[in-house]
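Secondary and tertiary structure notes
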Amino acid sequence: MNWFDKLLDWFSGFTDQWEKHGVKFTLYTTIAILIGGLFELVPPFFLTKTAEPIQNVKPYNALELAGRDVYQKEGCNNCHTQMIRPFKWEVDRFDPQHSYGKDGYSKAGEYVYDHPFLWGSKRTGPDLAHESQIQPSAEWHKTHLINPRDTAKGSIMPAYPWLFEESSTVDASKIADHMRGLQKVGVPYTEEDISSAPNLLAGKTAGDALIAYLLKLGRDTAELSKSLQ
């Protein structure tokens, strides 16, 4: 009998003992998972300074925030990610104009004002982290949202024409309340930002807000990169 067979026999005897005590094994396993989970999840709540805001990154204004709410409500984040991974081929694909310099992948400091994060993992559609630089036309986005097939032949994306109807006008009071909530978790909104929300949202539809949000994605860091070049 070689050493591997001896090791296997020993391990089999060890596992046989635990199989005879199923309840105890389940209890110990649960305790181990809970302890491991605490070590994994608790520390980040106290490391608030691990991700500093990148210079020039600003919180969403009232219209952009309303658009972000629409984006989540319509489930856009189920098909689109918002994070460029640090691979050259991915940077080249989503930063074709080199708007973000030599390091065109996503940085933690870009997302400090995002609650919740919308990084995602499924790309049925393209990543949108740099959408403001890839497709900067508001008119294009409106056409695309009303009927995606008009701008992307064969697209399987649903159409959202109702977002531009009068009945889809943004509720300014809800957005102001949302801003106050975000203010409490550290987003640096001023009272002036909140009080100006009704003027910024007057007559705006959910579609207008969604376009404003899409045109915000990646804009601040691209402007910073261009100012440094």
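Residues numbered from 1 in each chain as written. Predicted model: local features only at pLDDT ≥ 70, side-chain atom pairs only at ≥ 80, totals over all residues. Heavy atoms only, no water.

**Considering unusual backbone geometry**
The peptide bond linking His 115 to Pro 116 adopts the cis configuration, its omega dihedral lying at 0°. One can find Pro 116 in the loop between α5 (88-94) and α6 (131-134). Phi angles above zero are rare outside glycine, and Asn 56 is one such case at about 90°. Even without being glycine, His 98 reaches a positive phi, approximately 55°. Inspection of the secondary structure puts His 98 in the loop between α5 and α6. Judged by its relative accessible area of 49%, His 98 falls in the partly exposed class. (Helix = DSSP H or I, 4+ residues; strand = E, 2+ residues; numbered from the N terminus. Buried < 20%, exposed > 50% of the residue type's maximum accessible area, 1.4 Å probe, protein only.)

**Topic: the state of the cysteines**
Summed over all chains, the structure comprises zero disulfides. Lacking any disulfide linkage, Cys 76 is separated from the closest cysteine sulfur, that of Cys 79, by 8.4 Å. Taking the relative accessible area as the measure of exposure, Cys 76 reaches 14% and is therefore buried. Residue classification places Cys 79 among the partly exposed positions, given a relative accessible area of 31%. (Disulfide = S-S within 2.5 Å.)

**Points about the UniProt feature "domain: Cytochrome c" (unreviewed entry) in the protein**
Per the UniProt annotation, the sites labelled "domain: Cytochrome c" (unreviewed entry) are residues 62-205. As a span, residues 62-205 carries 38% helix and 0% strand, and end to end its C-alpha atoms are 13 Å apart. (UniProt positions renumbered as here; feature names shortened; annotations may be inferred.)

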